[in-house]
Amino acid sequence: KFPYLVCNVKATEGETLAKPYVMLERKGLKIGVVGVTTNDIQEEASPKKIANFTFLDQAASTQAAINEVRAKGASLVVLLAHCSVNQRAADGVVRGEAVDLLMKLHGVDACFTGDSQAIVNGTMIGKPILQGGTHGRYIAKVHFVYSTEEKKIKKTTQELLQVKNMNVLPDG
């Protein structure tokens, strides 16, 4: 059970909406996983449904969460961004809200996105950025080879794994 994560939305009153991040440890390596949602939610959602929430500056709150997980010893930082991203078939260039956000941040090692429902397997500023399409048709995977002696990523591979035999009906 993985928790909901969002660093740029807070409940106006009462309990916290969700954690901004979670710290994981895999093979002795600390990994910070930060969650962020789209700025467009304020225009897309019903005003009644978001009346009890405060929306923080997306880049500033995300950078603050990244800084916090790094301060807690995260060697790797993964961003889970419910922000749009698309990839041009002709040249593989990725663009969209998630890319715009990544350009403002420091310390992200990989970004997994959602929202635009596109299939994306690209890079931006040398960092993997992936989105597995819609209805769970693909699983986005990034593999890091990390040197604990040098305290840096030595190699990164990424792929989209197709989930076979899907019997999912389209929305509508």
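What you are looking at is a predicted structure, and each value in this text was computed from that prediction instead of being measured.

A. Structural detail: the nonpolar core. In this structure, V34, L79, V85, V94 and I129 are the most contacted members of the largest nonpolar core, which totals 26 residues. When contributions to this core are tallied by element, the ones reaching two or more residues are β3 (29–37), α3 (58–71), β5 (76–82), α4 (97–102) and β9 (119–124). With residues near it in sequence (within four places) discarded, V85 still touches V94, R95, G96, A98, V99, T113, S116, A118, V120, I129 and Q131. If you look at the next biggest cluster of nonpolar residues, it comprises 13 residues, including V33, L76, V78 and V142.

B. Spatial organisation of the sheet that holds strand β8 (residues 110–114). The 6 strands lie next to each other as β2-β3-β5-β8-β10-β9, forming an open sheet whose pairing is mixed. Of all strands in the sheet, those with a lone pairing partner are β2 (21–26) and β9, marking the two edges. Shown here is a sheet whose adjacent strand axes are inclined to one another by a mean of 20°, direction ignored. Bridge count between β2 and β3: 6 bridges; the pairing is antiparallel. Across the sheet, the residue bridging to Y21 is V34, located in β3. α3 contacts β2, β3 and β5 of the sheet and is inclined by roughly 165° relative to β3.

C. Representation of the pattern of salt bridges within the structure. As enumerated under the stated definition, the model contains 6 salt bridges in all. K72 serves as the salt-bridge partner of E68, at 4.0 Å between the closest nitrogen and oxygen. Look at E68 and you get partly exposed, because its relative accessible area is 39%. Classification of K72 by relative accessible area gives partly exposed; the value is 44%. Linking E159 and K141 is a salt bridge whose minimum nitrogen-to-oxygen distance equals 3.8 Å. Taken together, the residues E159 in strand β12 (residues 152–162) and K141 in strand β11 (residues 138–147) connect sequence positions 18 residues apart. Assessed through its relative accessible area of 34%, E159 is described here as partly exposed. For K141, a relative accessible area of 38% puts it in the partly exposed group.

About the criteria used
Residues numbered from 1 in each chain as written. Predicted model: local features only at pLDDT ≥ 70, side-chain atom pairs only at ≥ 80, totals over all residues. Heavy atoms only, no water. Core = buried A, V, L, I, M, F, W, Y, C linked by side-chain atoms within 4.5 Å. Buried < 20%, exposed > 50% of the residue type's maximum accessible area, 1.4 Å probe, protein only. Helix = DSSP H or I, 4+ residues; strand = E, 2+ residues; numbered from the N terminus. Contact = heavy atoms within 4.5 Å. Pairing = 2+ DSSP bridges. Axes fitted to C-alpha atoms, helices over the stretch in contact; angles between N-to-C directions. Salt bridge = Lys/Arg side-chain N within 4 Å of Asp/Glu carboxyl O.

Keep in mind these values describe shape, not function.
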